[in-house]
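Descriptive analysis of the structure
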Amino acid sequence: MQYADKTLTCRDCNATFAFTSGEQEFYASRGFDNQPSRCPSCRMARKAERSNSPGSTGYAGGSYATAPRREMFVTTCASCNGEARVPFQPRGDKPVFCSDCFETQRGGAGRPSSARGTFR
Ligand SMILES: [Zn+2]
Ligand SMILES: [Zn+2]
């Protein structure tokens, strides 16, 4: 059977594209008797869309670089009365600690506070 190149119109972007004799042969050999309804680039785009896992943005690890800088609030540390910078608005119903004291509170449980200083 002889095949001749055809010009088809993409149903997605309305661009015309060639349905070559080689492709027609390939389609026929696969048992497809319909012709492609989308241009190669739209077909590829649809394929890429389907192969991408949902939620994937295509790049990883860039979220910190693009994240807006958090506003910091300056208040007084409830432990050492020093300057404490916190990423939230202090409401006054909870003690706010500076980063040093916060670390001591969180990680220093059971550890004598005098051990800090000599640690490094
Ligand atoms: Zn198209
Ligand atoms: Zn403090």
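With that settled, the discussion passes to the overall build of the protein chain. Secondary structure assignment for the protein chain yields five helices and four strands. Going from N to C terminus, the protein chain has its helices and strands arranged as β-β-α-α-α-β-β-α-α. Taken across its 120 residues, the protein chain has 3% of its residues classed as buried. Of the contacts formed within the protein chain by residues at least 6 apart in sequence, a portion of 19% connects residues at least 24 apart.

Our next topic: the environment of Val96. Among the secondary structure elements, Val96 is positioned in the loop between strand E4 (83–86) and helix H4 (99–107). Excluding anything up to four places from it in sequence, Val96 contacts Thr75, Cys77, Ala78, Ala84, Val86 and Pro90.

Right, let's talk about the confidence of the model for the protein chain for a bit. Across the protein chain, pLDDT averages 81, with 74% of residues at or above 70. Predicted confidence in the protein chain is weakest over helix H5 (residues 115–118), with a mean pLDDT of 54, and strongest over strand E1 (residues 6–9), with 96.

In this section: the pairing of E4. In the sheet, strand E3 (residues 73–76) pairs with E4 via four bridges, with the strands oriented antiparallel. What sits directly across from Thr76, in E4, is Glu83. Connecting the antiparallel pair E3 and E4 is a turn made up of six residues, with Asn81 showing a positive phi of about 60 degrees.

Right, let's talk about helix H2 (residues 40–51) for a bit. With twelve residues, H2 extends 16 Å from end C-alpha to end C-alpha; this agrees with the ideal 16 Å at 1.5 Å per step. With zero of twelve residues buried, H2 is to be regarded as a mostly surface element.

Once that is clear, we can look at unusual backbone geometry. Although it is not a glycine, Asn14 adopts a positive phi angle of roughly 65 degrees. Relative to the helices and strands, Asn14 is located in the loop between E1 and strand E2 (16–19).

Conventions and cut-offs
Residues numbered from 1 in each chain as written. Chains lettered and ligands numbered in written order. Predicted model: local features only at pLDDT ≥ 70, side-chain atom pairs only at ≥ 80, totals over all residues. Helix = DSSP H or I, 4+ residues; strand = E, 2+ residues; numbered from the N terminus. Buried ≥ 20, exposed ≤ 12 C-beta atoms within 10 Å, placed from the backbone. Contact = placed C-beta atoms within 7 Å. pLDDT = per-residue confidence, 0-100. Pairing = 2+ DSSP bridges. Expected span 1.5 Å × (residues − 1).

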